[in-house]
Amino acid sequence: MNTVLLPFPAQRRLAEELAPLLDARLGHLDWRRFPDGESLVTIDEALQGADAVLLSSLNQPDALALALRFAAATAREFGARSVGLVAPYLAYMRQDRRFHPGEAVSAPLFAAFLQEGVDWLVTVDPHLHRIDRLERIFRIPTRHVAAAPAVAAWIRTEVVHPLLIGPDGESAQWVAHIAALAEAPFQVLHKERRGDRDVSVSLPDLAAAAGRNPVIVDDIVSSGHTVIETLGHLARLGMPAATVVAIHAVFAGDAYAALQAAGAARIVSCDSISHPSNAIALAKLLAPACRELLGTDHPAAARTKA
Ligand code: R5P
């Protein structure tokens, strides 16, 4: 099989780990923005008959999604027989319903946009909530990889007597899975969000937390306000400084600095989004899912080949 992995610039380090696991050649892809915001994508031309795999997290989704479509179409123009997408972080999944009148329901719209360009998709812990499976919004083959084994292994190694804390009901699925694998207790708090940066969470059960080191686990840390509010509660209750584990370190704007100032013992993340806090590697979990889908034929590919 002739597989070529084409990482967007921010994901080159993850690509170096993933390429050998896929027996893939690491190809070249460059993306730059012109001063007016337009994208210029430049890719490896040696793709004749190859299964091309684009690698890009979608933490700057509006700009990246268009660049991805350009890259996918250009890969086909250069003769790729299939084009897959590994997007360790899949954006827009939280807008899975119309919360206020007139709003666009972005999750299926974004999925539709992506799948017009690629034959398959692999992602890590997409924010599946009211949309409970990727198949509900994607027609192309998809795999979603759970980061839980890697996160649990990290917690087991790095935190003594952990108590996992999910800051809201939507985090329950990840926290429960990780806690089971780490053989640690967990609590899920209740969150009320009044605005983008206006969040409150309920108190943890202090009696059950005695003698434990709190580990706040969330799938996405974006503005950081959910975690900062949780850290504040734990500090006011006199609990030890918490470790924060983000599966997807979106860290919008100054969120990382704000989190560091909020008294976390340690802030770590999976390498789905490249960031200095990355401590948990995902390549070994991504590889089997990619292998399952590599070479998948899709009507878009068939059209191009005809
Ligand atoms: C939502 O339910 C997610 O699981 C996260 O809790 C949320 O995206 C975190 O957002 P922020 O960091 O902006 O508070």
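Every chain begins its residue count from 1, and numbering advances along the sequence as written. Given that the model is predicted, a residue must reach a pLDDT of at least 70 before its local features are reported, and side-chain atom pairs must reach 80 or more before they are shown or counted; all residues, however, enter totals for whole chains, interfaces and linings. Computation of side-chain values covers all heavy atoms of the structure but excludes hydrogens and water.

Novice: Explain the pairing of strand β5 (residues 51-55) to me, using residue names and the numbers behind them.
Specialist: Three exposure classes are used, based on accessible area relative to the maximum for each residue type with a 1.4 Å probe and protein chains only: buried under 20%, partly exposed in between, and exposed over 50%. Here a helix means four or more residues in a row that DSSP labels H or I, a strand means two or more in a row labelled E, and each is numbered from the N terminus. Of all five residues in β5, five are buried; the element is thus mostly enclosed. Side-chain alternation along β5 places Asp51, Val53 and Leu55 on one buried face and Ala52 and Leu54 on a second face that is also buried. Bridge count for strand β1 (residues 3-7) against β5 is five bridges, and the pairing is parallel. The partner of Pro7 across the bridge, within β5, is Leu55. Note that β5 and strand β6 (residues 82-87) share five bridges and pair parallel. Paired with Leu55 across the bridge in β6 is Val86. Crossovers are marked right-handed if the path from the first strand over the helix to the second runs clockwise, as seen with the strands pointing away from the viewer. Chirality of the crossover, the property in question, places the unit of β5, helix α2 (residues 61-77) and β6 among those that are right-handed. When DSSP finds two or more bridges between two strands, those strands count as paired.

Novice: Give me the lowdown on the sheet that holds strand β9 (residues 162-166), citing residues and values where you can.
Specialist: If you walk across this open sheet you meet the six strands as β10-β9-β13-β14-β15-β16, and the pairing is parallel. Where the open sheet ends on each side, the last strands, each with one partner, are β10 (186-188) and β16 (278-280). Averaged over neighbouring strand pairs, the angle between their axes works out to 35° when direction is ignored. As paired elements, strand β15 (residues 266-270) and β16 share two bridges and run parallel to each other. Among the inter-strand pairings, Cys270 is bridged to a residue of β16, identified as Ile280. To obtain an axis, a line is fitted to C-alpha atoms, over the contacting stretch when the element is a helix, and the angle between two such axes runs from 0 to 180 degrees between their N-to-C directions.

Novice: Requested: an account of the sheet that holds strand β8 (residues 142-145), with residues and values cited.
Specialist: Reading across from one edge, β2-β1-β5-β6-β7-β8 is the order of the six strands in this open sheet, with parallel pairing throughout. On the outer flanks of this sheet lie β2 (25-26) and β8, each paired with one strand and no other. The contact rule is simple, with two residues in contact once any of their heavy atoms fall within 4.5 Å. Relative to β6, α2 is tilted by about 155°, and along the sheet it contacts β5 and β6. The sheet strands contacting helix α9 (residues 283-293) are β6, β7 (120-124) and β8, and the helix crosses β7 at an angle near 165°.

Novice: Tell me about the pattern of salt bridges, and name the residues and values.
Specialist: We define a salt bridge as a contact between a side-chain nitrogen of Lys or Arg and a carboxyl oxygen of Asp or Glu at a distance within 4 Å. Overall, the coordinates contain 14 salt bridges when judged by the stated rule. The residue Arg133 makes a salt bridge to Glu135 at a minimum N-O spacing of 3.9 Å. Overall, Arg133 belongs to the partly exposed group, its relative accessible area being 40%. With relative accessibility at 46%, the residue Glu135 sits in the partly exposed group. Among the salt bridges present, the one from Glu292 reaches Arg143, with a minimum N-O distance of 2.5 Å. On the criterion of sequence distance, the pair formed by Glu292 in helix α9 and Arg143 in strand β8 is long-range, its members being 149 residues apart.

Novice: I'd like a description of α9, backed by residues and values.
Specialist: Buried within α9 are the following residues: Ala283, Leu286, Ala287, Ala289, Cys290 and Leu293. In this structure, the buried residues of α9 make contact with α1 (12-21), β6, β7 and β8.

Novice: Go over the site of the ligand with me, naming the residues and quoting the values.
Specialist: The environment of the ligand is formed by 15 residues, the closest being Arg94, Asp218, Asp219, Ser223 and Thr226. Measuring from an oxygen atom of the ligand, one finds a side-chain N or O atom of Asp218 at 2.6 Å. For the ligand, an oxygen atom lies 2.8 Å from a polar atom in the backbone of Ser222. Within the complex, 95% of the 380 Å² of free accessible area of the ligand lies under protein. At the level of elements, β11 (191-195), β13 (213-221) and α7 (225-236) are the ones that each hand at least two residues to the shell around the ligand. Residue classes in the shell around the ligand are distributed as two nonpolar, six polar and seven charged. By convention in this text, a residue qualifies as near a molecule or strand provided that one of its non-hydrogen atoms is within 4 Å of it. Any pair of N or O atoms that falls within 3.5 Å is considered a polar contact. Within protein, one atom must be able to donate a hydrogen and the other to accept it, and sequence-neighbouring residues count only if both atoms are side-chain atoms. Per-residue and other accessible areas were derived by the Shrake-Rupley procedure at a 1.4 Å probe size, with only the shown protein chains allowed to occlude residues. Under the scheme applied here, ten amino acids are nonpolar (Ala, Val, Leu, Ile, Met, Phe, Trp, Tyr, Cys and Pro), four are charged (Asp, Glu, Lys and Arg), and all others, including Gly, are polar.

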